[in-house]
Amino acid sequence: LEAKTLDASKLVRSFIKNDHLGLVIWYQWQGVPSRFFPDYLIQLTNGKYLVLEVKGKDDSRQQEKRKALDIWIRAVNENSGFGKWAWDVSFDPEDLTGILVKHSQS
């Protein structure tokens, strides 16, 4: 459902599912190095890149993943050689359009 919304949105220039692309975010979970693969990489029509996580529920492990993703995004933006990046999380397919609008305006 997310891919359909992304494909239909006039705010999205292109997107890809992060499946076998190799973008991995490392984080610590209960003292153990762990990794996760964000769900989508999106280029918005305003030129910004959006890393989108899709989750049905939230818990402390998901929050730790997002903290690590936030650190990664800040590091990429600080370098400034890779364009402007942002991240967000969708908990319901209905909130995706609002997420796209928010990042298209900022």
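Above: the structure in question.
Residues numbered from 1 in each chain as written. Predicted model: local features only at pLDDT ≥ 70, side-chain atom pairs only at ≥ 80, totals over all residues. Heavy atoms only, no water.

### Quick notes on the pattern of salt bridges
Part 1 of the reasoning: Tallied over the entire structure, the rule returns seven salt bridges.
Part 2 of the reasoning: Ionic pairing is found between D59 and K57, a salt bridge with its closest N-O pair at 3.5 Å.
Part 3 of the reasoning: Since its relative accessible area comes to 27%, D59 is described here as partly exposed.
Part 4 of the reasoning: For K57, a relative accessible area of 57% gives the class exposed. (Salt bridge = Lys/Arg side-chain N within 4 Å of Asp/Glu carboxyl O. Buried < 20%, exposed > 50% of the residue type's maximum accessible area, 1.4 Å probe, protein only.)

### Description of the nonpolar core
Part 1 of the reasoning: Judged by nonpolar contacts, L23, I25, Y27, W29, F36, L41, V51, A68, L69, I73, V76 and W85 together constitute the single largest core of twelve residues.
Part 2 of the reasoning: Elements with a contribution of two residues or more to this core: β2 (25-29) and α2 (60-79).
Part 3 of the reasoning: Looking at this core, the element that brings in the most residues is α2, giving four residues.
Part 4 of the reasoning: For A68, the residues in contact, after removing those within four places along its chain, are I25, W26 and Y27.
Part 5 of the reasoning: Membership of the second largest hydrophobic core comes to eleven residues, among which are L6, Y40, L96 and I99. (Core = buried A, V, L, I, M, F, W, Y, C linked by side-chain atoms within 4.5 Å. Helix = DSSP H or I, 4+ residues; strand = E, 2+ residues; numbered from the N terminus. Contact = heavy atoms within 4.5 Å.)

### Concerning the side chain of E53
Part 1 of the reasoning: Structurally, the position occupied by E53 is in strand β5 (residues 49-54).
Part 2 of the reasoning: Overall, the relative accessible area of 3% leaves E53 in the buried class.

### Re the pairing of β5
Part 1 of the reasoning: Sheet analysis places strand β4 (residues 40-44) next to β5, joined by four bridges and oriented antiparallel. Residue pairing for β5: Q43 is matched across the bridge by Y49.
Part 2 of the reasoning: Counting the residues that bridge the hairpin from β4 to β5 gives four residues, and of these G47 lies at a positive phi of roughly 95 degrees.
Part 3 of the reasoning: With six bridges joining them, β5 and strand β6 (residues 85-90) adopt parallel strand pairing. Following the sheet pairing, L50 is matched in β6 by A86. (Pairing = 2+ DSSP bridges.)

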